[in-house]
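Per-entry structural report
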Amino acid sequence: MKILYICTHNRCRSILSEAITNRLAPGRLQAFSAGSQPAGVVHPLSLKYLAEKGIPTESLRSQSWDDFESEQPDIVVTVCDSAASESCPVWFGDAAKIHWGLPDPSKLEGSEPVIRDAFMTVMQTIEQRVQKLLALNLEGLSKEARQEALNRLTAQSSY
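As a further point, take the nonpolar core. Membership of the largest hydrophobic core comes to 37 residues, with the highest contact counts inside it found for I3, Y5, L16, L50, V77, W100 and I126. Every element with two or more residues in this core is listed here: β1 (2-6), α1 (13-24), α2 (44-52), β3 (75-78), β4 (96-99), α4 (112-135) and α5 (143-155). Examining the composition of this core, we find that 9 residues originate from one element, α4, more than from any other. Not counting chain neighbours up to four residues away, the residues in contact with L16 comprise S46, L50, F119, V122, M123 and I126.

As structure tokens, this is what we get:
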């Protein structure tokens, strides 16, 4: 299954989600990330903390969601509130959609340990959510059944 993570600038949260998903779900989920207004560069701390956890970063880049029209994702995940409220391209129409609403650790100001903790917390949240996605066994479900399963998942308060 293909999963596309969307964040407006595609430089932190969506990048983290792409990298973590590809690390946790090889062969089950193929993750990509993009933005409606991509920054053009990945936030350096995203790369630093992914590498610290041993997650490959070589293929990560900030790109437009227009670059993924031919990929036809099965699931589109918005990870920032501004991306969730944007009008998505028509070609997302066949994808199941879910919103994760992750805080942006790249905007935090403070000491290095405080910023590192913020990145690690967001990364841990992504890992937990990807594990819950994997537990749903979404492969083989119709789009409608997949969307219903995702809706039930987000309705859970512990999600």
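Time to look at the sheet that holds β1. Hydrogen bonds between backbone groups are what pair the strands of a sheet, and the pairing can be parallel or antiparallel. The strand order β2-β1-β3-β4 describes an open sheet built from 4 strands, whose pairing is parallel. The open sheet is flanked by β2 (30-34) and β4, the only strands paired with a single partner. Between one strand axis and the next, the sheet turns by 20° as a mean value, whatever way the strands run. Relative to β4, β3 is paired through 4 bridges, and the arrangement is parallel. Across the sheet, the residue bridging to V77 is I98, located in β4.

What follows deals with the state of the cysteines. Disulfide: a covalent bond connecting the sulfur atoms of a pair of cysteines. Applying the stated criterion across every chain, the model contains 0 disulfides. Looking at the unpaired C7, the closest cysteine sulfur is the one in C80, lying at 3.1 Å. Take C7: its relative accessible area is 7%, and that puts it in the buried class. With no disulfide partner, C12 has as its closest neighbouring cysteine sulfur the one in C7, 7.8 Å distant.

Right, let's talk about unusual backbone geometry for a bit. At N10, a residue that is not glycine, the phi angle is positive and equals roughly 45°. Inspection of the secondary structure puts N10 in the loop between β1 and α1. One non-glycine residue with positive phi stands out, namely Q72, at about 50°. Mapping Q72 onto the fold places it in the loop between α2 and β3. What makes Q72 partly exposed here is its relative accessible area of 39%.

For any pair of aromatic rings, the description consists of the separation of the ring centres together with the inter-plane angle of the planes. Per the stated rule, a full pass over the model turns up 3 aromatic pairs. Plain terms: the ring middles of F32 and F68 are 5.4 Å apart, the flat faces sit at 55° to each other, and that makes the pair tilted. With F32 in strand β2 and F68 in the loop between α2 and β3, this pair connects stretches of sequence that are 36 residues apart. With respect to burial, F32 and F68 carry one shared label: buried. Ring centres of Y49 and F119 lie 5.2 Å apart, and the angle between their planes is 45°; this geometry places the pair in the tilted category. With Y49 in helix α2 and F119 in helix α4, this pair connects stretches of sequence that are 70 residues apart. There is no split in this pair, since Y49 and F119 are both buried.

Let us look at α5. If you check α5, its first and last C-alpha atoms are 18 Å apart, about what 13 residues at 1.5 Å a residue would give, namely 18 Å. Those residues of α5 that sit buried are R146, Q147, A149, L150 and L153. Down the axis of α5, the sector holding all buried residues measures 160°, keeping them to one side. Away from its buried face by more than 90 degrees, α5 exposes E144, R152 and A155. On its buried side, α5 packs onto β3, β4 and α4.

Procedures and definitions
Residues numbered from 1 in each chain as written. Predicted model: local features only at pLDDT ≥ 70, side-chain atom pairs only at ≥ 80, totals over all residues. Heavy atoms only, no water. Core = buried A, V, L, I, M, F, W, Y, C linked by side-chain atoms within 4.5 Å. Buried < 20%, exposed > 50% of the residue type's maximum accessible area, 1.4 Å probe, protein only. Helix = DSSP H or I, 4+ residues; strand = E, 2+ residues; numbered from the N terminus. Contact = heavy atoms within 4.5 Å. Pairing = 2+ DSSP bridges. Axes fitted to C-alpha atoms, helices over the stretch in contact; angles between N-to-C directions. Disulfide = S-S within 2.5 Å. Phe/Tyr/Trp six-rings, centres within 6.5 Å; stacked < 30°, edge-to-face > 60°. Expected span 1.5 Å × (residues − 1). Arc of directions from axis to C-beta.

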